[in-house]
Amino acid sequence: MKKNLFNTATTIVFIIFLSLSFIGLSLGMTSKIDNTEWRELNEFPKINSRIGLSEFPKKFGDFYNDGFGFRNILLQLNATIKLKVFDQSPVDKRTIKNKDWYFHNEARYVEPNYKYYYNHIIFSDKQLAAITDIFSAEKKYLDQKNIRYLYVVVPDKEVVYPEYYPFPDFINANIQTSQILDALNKKGIPTLFLGPQMMEAKKTTDVLVYQKKDPHWNQLGAFFGYQAIVNRLKEYFPDIESLQFSDFNIIIKSDDPEIKYNSDTLKFLTDTPKVAAEKKVEHVGFYDKEDVPSKLNKINKIIVYGDSFFYPGAWPYTGGVLYFLKNNFNHTLVYLLSIGAIDKTLFEKEKPDLFIRETVQRNLYRLIDLLPADLK
Amino acid sequence: MLFSSAVFLFLFLPFVLLFYFTIGRKFPNLILIIASIVFYYWGEPNFIRSLLIMIGINYYFGLQIQKYIYQKASAKLYLFIIVVVNLGFLIHYKYWFFLLHDIFGQQSIIKSESIPLAISFFTFHAISYNVDIFRKHASAQKNPFRLLLYFLFFPHLLAGPIIRYHKIVDQLKERVIYFEDFRYGIERFVLGLAKKILIADRLRPIVDEIFSIPTDHMGTPVAWVGIICFTLQIYFDFSGYSDMAIGLARMFGFTFPENFNYPYISMSITEFWRRWHITLSDWFRDYVYIPLGGNRTYALKRYFNLWTVFLLVGIWHGASWNFIVWGIIQAFFLSLERFNNGFLFKNLWRPLKHIYALLAIIIGWVFFRAENLSSALSYLQVLFGFKNQGIIFQPAKYFLEPDAITVILIGIICSFPVASYLKKIGKSFEIGFKISKFVGMTILLFLIAIAVAVQTYNPFLYFKF
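Report on the accompanying structure. The model shown is predicted, which means the values in this text are computed figures rather than measured ones.

### Observations regarding the packing of helix α9 (residues 179-212) of chain B against helix α10 (residues 220-251) of chain B
Residues and elements named next belong to chain B. Put simply, α9 and α10 touch, their axes get as near as 6 Å, and they point 155° apart. Relative to α10, the element α9 lies roughly antiparallel. Taken as a pair, α9 and α10 cross one another with a handedness that is left-handed. Looking at the contact of α9 with α10 residue by residue, the class counts come to 26 nonpolar, seven polar and nine charged.

Here it is as structure tokens:
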């Protein structure tokens, strides 16, 4: 072989590239310690009766993809390049960025089966009829058991803050929402769409009600949502009272909370929390005063089927409505299930006074999950 | 196993190179055969046995054709049988459902899960091998391991280029690897990997997303973004794969033929097919077009031959009406260009020729990419503004994030022979050119490593809750 510096240098760089994973693994740079993806990492496949020899390559590939050396560092580098060089979301599979606002990017990951985008899907008359039938049956069952019922729909962030969304002219979420809610109301299903309340809340305060870098509302938004729900519940429970701002010590933070859902890929975006009152801030902390819960006139039991907009602590920094609503009940049972049939055994056993089902606007299209195959 | 996967790059390739250049020096072919079997098994574990049996059958028939080479009728019979067997093998796995379901209307037939990897390329290699023996361009391979390597050699196994047996037979026996060749192989491989992973794979989600939008809700600008991205994606994906194959082969001492030569600078579809998937065009020319009579026949027969070849080219790409129509479109434009000695195009202004060629290519790609014929026709209507639309789902800029725009611009620039131009300039500044090339390659490898990691990033969809 004729050697020269150029050939040698090229070969050495290539060998380093090929050895990257081995070098990373020998230095302990694996994904095993710090999983940034909120999922179980794949394990080394053992060949047995369940995993045959022919399945081994695929399973091993999944395992290797999760754990090759330097993987996390490379992912962070990608996020840095996307953000610093191209000024776009580091996780563009999931989010869309406009200045320092991030929006949930449903179209990017919607399941292939749906072939539609959530904010454009128009339900057919047959689908609507079938969906309302399901809700009516649910309502009828709950009426028989003397359980009150409310279906709450939480507005999407881009619906409340279209001015920060990169394509405000293309937000049509309300078309789908009103289609569903009108159909349900006609059948006598009690519904509450929190869109108008959140728009009103946005006008009455200088503080943001949704988070800039997360699709959820913050605790302030959740509090406004809570008050609207309690007002609506007065139809059923005239004595129910809502908590007031004066019931809390409120601390407003001027920066973003640390964002965990995109974890390390976004870690560098976050700053050390500072406590200061500033206009148009997004993170609001509510801290209980000791005597607050006891003063409320409590109802015995509530069952909630909802998502991260309701469930306190379901995901870090989510402002869950139940953080407040639980104070109005002696017992609160929460299930992370915004769409899906009710578990009658549970209802027979617990005998709640109230059942709330909650869905965020962008997930309304998933109601067709409830339908038989020929209507999907 | 894809060349751009983490398993291939960080596990398979390092070990194969290590073994090949250490313990494999005495048995280089054996190492490559084992590696190729592992490579194929990784992607298609349930089919490797059938493939090995087919290679055995081709080995036997090759020897028989050789044996009766001077008894034309017998050799011809053996050739006929093995061609039928190979085509039957292909039809069984790739076209059976289409034939029965779409052609003969048997609605009850159930589609098998997937078409075995590399089956089309394998069939063409097999036919090439036997025909070359019959034509006395090469002798039958007596050493079964060499024949195994010809068929299974992993760089060309999945996506070509199509290697003609008689052109590689000497290299199967013996090869010398110069350091210069090895370095060239690395450069070519890295270039191909960059084309595939940095350009084609970045454009893929845009194309997939746009082609999944119902055309009633797609704006004309979006349709153009989609088809431009696909035009770049398919070129950089396929030519990138060919570059990687050529590069890998060179590292192991093989010289593969070129498969692409800047097809998008063509001024006609005739020229396009001299620059696009060259080894496939050559194969059809030598094994179908010329045996049918080629150009040396009367005009009507020439057109018949041309349409037959491109119908087959279309079918070869996939078992669906889309590919058939795509093939017919190619034949139509080729016929148009030949009509009356090409008087329609002879005196056309050069830029107009480029525009014509690109439009013809793009129209073809719509059929190539769309789910079915009606989707393709609707897409074309949107593309040229002939469709009344309802609510438009997204604006074009939704798909054009800054990194995507950068990739599209780089893709367009690299569709021109910039590299050849740089090489010419580089001759005057050899040292500077080499250093720039080295630095460029290092940067590409760095970006490729990041892109490989990104393709394994699979965040849990917690938003569903």
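### Some points on the side chain of Thr132(A)
All names here are of chain A. Tracing the backbone shows threonine 132 in helix α6 (residues 125-144). Residue threonine 132 is classed as buried on the basis of its relative accessible area, which comes to 4%. In this structure threonine 132 touches Ala183, Leu184 and Lys187, once residues within four positions along its chain are discounted.

### A look at the sheet that holds strand β7 (residues 299-306) of chain A
All names here are of chain A. Strand order in the open sheet formed by five strands is β4-β3-β9-β7-β8, and the pairing between neighbours is parallel. Two strands lie at the open edges of the sheet, namely β4 (191-193) and β8 (329-336), each paired on one side alone. Each neighbouring strand pair of the sheet contributes to a mean axis angle of 20°, computed without reference to strand direction. Strand direction decides the pairing type here: β7 and strand β9 (residues 354-360), joined by four bridges, are parallel.

### Re the pattern of salt bridges
Residues and elements named next belong to chain A. This structure, assessed with the given rule, holds 25 salt bridges over all chains. The shortest N-O distance in the salt bridge between arginine 357 and glutamate 138 comes to 2.5 Å. Highlighted residues: arginine 357 in strand β9 and glutamate 138 in helix α6, separated in sequence by 219 residues. Given the relative accessible area of 9%, glutamate 138 is considered buried. When the shortest N-O distance is used, the salt bridge between arginine 232 and glutamate 235 registers 3.0 Å. On the accessibility criterion, glutamate 235 (55% relative accessible area) is exposed.

### Overview of the packing of aromatic side chains
Residues and elements named next belong to chain B. For the coordinates displayed, the defined rule picks out 94 aromatic pairs over all chains. Arranged with centres 5.9 Å apart and planes meeting at 70°, the rings of phenylalanine 153 and phenylalanine 154 form a pair that is edge-to-face. Overall, the relative accessible area of 1% leaves phenylalanine 153 in the buried class. You can call phenylalanine 154 buried: its relative accessible area is 0%. Aromatic pair tryptophan 326 and phenylalanine 368: ring centres 4.8 Å apart, planes at 70°, arrangement edge-to-face. One end of the pair, tryptophan 326, is in helix α14 (residues 321-338); the other, phenylalanine 368, is in helix α16 (residues 350-369), with 42 residues separating them in the sequence. Judged by relative accessible area, tryptophan 326 falls into the buried class, the value being 1%.

Definitions and cut-offs
Residues numbered from 1 in each chain as written. Chains lettered and ligands numbered in written order. Predicted model: local features only at pLDDT ≥ 70, side-chain atom pairs only at ≥ 80, totals over all residues. Heavy atoms only, no water. Axes fitted to C-alpha atoms, helices over the stretch in contact; angles between N-to-C directions. Helix = DSSP H or I, 4+ residues; strand = E, 2+ residues; numbered from the N terminus. Parallel < 35°, antiparallel > 145°, perpendicular 65-115°, else oblique. Left-handed = near helix turned anticlockwise from the far one by under 90°. Nonpolar A, V, L, I, M, F, W, Y, C, P; charged D, E, K, R; others polar. Buried < 20%, exposed > 50% of the residue type's maximum accessible area, 1.4 Å probe, protein only. Contact = heavy atoms within 4.5 Å. Pairing = 2+ DSSP bridges. Salt bridge = Lys/Arg side-chain N within 4 Å of Asp/Glu carboxyl O. Phe/Tyr/Trp six-rings, centres within 6.5 Å; stacked < 30°, edge-to-face > 60°.

Nothing here speaks to function; it is geometry throughout.
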